[in-house]
Amino acid sequence: LYILPHDKSKYPSVANESFSEAVTEEKPVSLVASNSSEALDSPFDTDNESYHSVDEDVLKEEAPSAPINNVSNNSVNNSTNNSLNNSLNHSVVIDGEEYSNEFMATIDLNFHRIDKDVQRCDRNYYYFCDSQNANLEKIRRIMCTYIWETIEIGYCQGMCDILAPILVVLDDEYQAYNCFKNLMLRMNMNFPHGGIMDTNFANMRSLIQILDSELFDHMHQNIGDYTHFYFSYRWFLLDFKRELEYSDVFKVWEVIWAAQFCASDHFTHFIALALVEHYRDIILDNKMDFTDILKFFNEMAEKHDGHKILISSRQLVHRLQKLIDS
């Protein structure tokens, strides 16, 4: 498992199977791009509880054995205890830097999660269907490097989804790494450790209440408080990456990035509202509750018209601005 060195003097080379076994030989990083055509569906969890359950499953599978704090003298002699303590206190030296076993175990666990996610990342898109998996390896190296730098945050499911379109456009590991790192300064807030998702739901609720009172009354009666706006969880987590076709993802992301300079820092909320408004008649006519709406939008993934959604989002911004001005 090799991580991509942004600064070769700073990042170590590591062994394939376990990050705990360091190697001293510096390995070159391949920058060869490749295209292909094989298709494979890539599942994605939408429920926050599913994210935690995935983490728990990984912990059960991969976490190292817990330290034994109290060892019975009846079952283990003093020499064994001393050997155990020395093992637990042992550190690893990589390229002159010393790392604790606890740190290395955390790295191992995060790299395992990355491996699982990378194998499922956008396999229905030509860029990631290469039989050699060259571009998936690029994602793996970039992500491992990012996590090495930000291990206090750790890897969360979905980060590969944010990196993938950047790599497709740039087709260069170093540029993609730097762009992804800066994009995550904003996007990290939407992941569980960022703690802003409930705020996104509350803002959605407020916008619907202001701009579409009929729909708000229906949702308030059938859905309840803002915490049940979970159908939009994935939208905010990945900036709608899983809701649109790849060609539309590029357009929508550029609009979101540009909007902060000319419209709103929270343009994602207007895109989310535009998605709901686009199907408001279906929601109202069928008297959909939370489960119905969640199922409906999951089935509609990658079937939305990105161009129409952007036009509607802009109109919603203008409507709100007129209300404020009046």
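Structure report, in brief.

So, how was this worked out
Residues numbered from 1 in each chain as written. Predicted model: local features only at pLDDT ≥ 70, side-chain atom pairs only at ≥ 80, totals over all residues. Heavy atoms only, no water. Helix = DSSP H or I, 4+ residues; strand = E, 2+ residues; numbered from the N terminus. Buried < 20%, exposed > 50% of the residue type's maximum accessible area, 1.4 Å probe, protein only. Contact = heavy atoms within 4.5 Å. Areas by Shrake-Rupley, 256 points an atom, 1.4 Å probe, with all protein chains shown as cover. Pairing = 2+ DSSP bridges. Polar contact = N/O pair within 3.5 Å; in protein donor to acceptor, adjacent residues only side chain to side chain. Axes fitted to C-alpha atoms, helices over the stretch in contact; angles between N-to-C directions. Parallel < 35°, antiparallel > 145°, perpendicular 65-115°, else oblique. Left-handed = near helix turned anticlockwise from the far one by under 90°. Phe/Tyr/Trp six-rings, centres within 6.5 Å; stacked < 30°, edge-to-face > 60°. Expected span 1.5 Å × (residues − 1). Arc of directions from axis to C-beta.

**Comments concerning the overall build of the protein**
So, point 1. For the protein, the helix and strand inventory stands at 14 helices and two strands.
So, point 2. Relative to its full complement of 326 residues, the protein shows a buried share of 46%.
So, point 3. Here the contacts in the protein between residues at least 6 apart in sequence split such that 74% fall between residues at least 24 apart.
So, point 4. Carbon and sulfur atoms provide 47% of the accessible area of the protein, an area that totals close to 17100 Å².

**Topic: the pairing of strand E2 (residues 97-100)**
So, point 1. Where strand E1 (residues 91-94) and E2 come together, four bridges link them in antiparallel fashion. Each residue of the ladder has a partner; that of Val 93, found in E2, is Glu 98.
So, point 2. In this structure, the hairpin formed by E1 and E2 is closed by a connection of two residues, where Asp 95 is found at a positive phi of approximately 50 degrees.

**A closer look at the side chain of Asp 122**
So, point 1. You can see Asp 122 is positioned in the loop between helix H3 (101-118) and helix H4 (134-149).
So, point 2. A distance of 2.4 Å separates polar atoms of two side chains, one belonging to Asp 122 and the other to Tyr 246.

**Details of the packing of helix H11 (residues 267-278) against helix H14 (residues 306-325)**
Packed helix pairs are specified by the crossing angle of their axes together with the interaxial distance, meaning the distance between the axes.
So, point 1. Axis separation between H11 and H14 bottoms out at 8 Å; the angle between their running directions is 110 degrees. Here H14 runs roughly perpendicular to H11, going by the angle between their axes. Between H11 and H14 lies a crossing of right-handed hand. Taken together, the residues of H14 that come into contact with H11 (itself represented by Phe 267, Phe 270, Ile 271, Leu 273, Ala 274, Leu 275 and His 278) are Lys 308, Ile 309, Leu 310, Ser 312, Ser 313, Arg 314, Leu 316, Val 317 and Leu 320.

**Description of the packing of aromatic side chains**
So, point 1. The tally for this structure, following the rule as stated, stands at 21 aromatic pairs.
So, point 2. Aromatic pair Phe 229 and Phe 231: ring centres 5.6 Å apart, planes at 35 degrees, arrangement tilted.
So, point 3. Relative accessible area serves as the criterion here: at 3%, Phe 229 is assigned to the buried category.
So, point 4. Geometrically, the ring pair formed by Trp 235 and Phe 297 is edge-to-face, given 4.9 Å between the ring centres and 80 degrees between the ring planes. With Trp 235 in helix H9 (residues 233-238) and Phe 297 in helix H13 (residues 290-299), the pair connects residues that are 62 residues apart, well separated along the chain.
So, point 5. By relative accessible area, which is 1% here, Phe 297 ends up buried.

**Quick word on helix H6 (residues 173-187)**
So, point 1. Between the first and last C-alpha of H6 there are 20 Å, a value that for 15 residues agrees with the 21 Å anticipated at 1.5 Å per step.
So, point 2. Burial in H6 covers these residues: Glu 173, Ala 176, Tyr 177, Phe 180, Leu 183, Met 184 and Met 187. Viewed end-on, H6 has its buried residues packed into an arc of 140 degrees, placing them on one side of the element. For H6, exposure combined with an orientation more than 90 degrees from the buried face picks out Asn 182 and Leu 185.
So, point 3. Tucked into the core, H6 has its buried residues touching H4, helix H5 (159-170), H9 and helix H10 (246-262).
So, point 4. The N-capping residue of H6, defined by a side-chain oxygen 3.1 Å from the backbone nitrogen of Tyr 174, is Asp 172.

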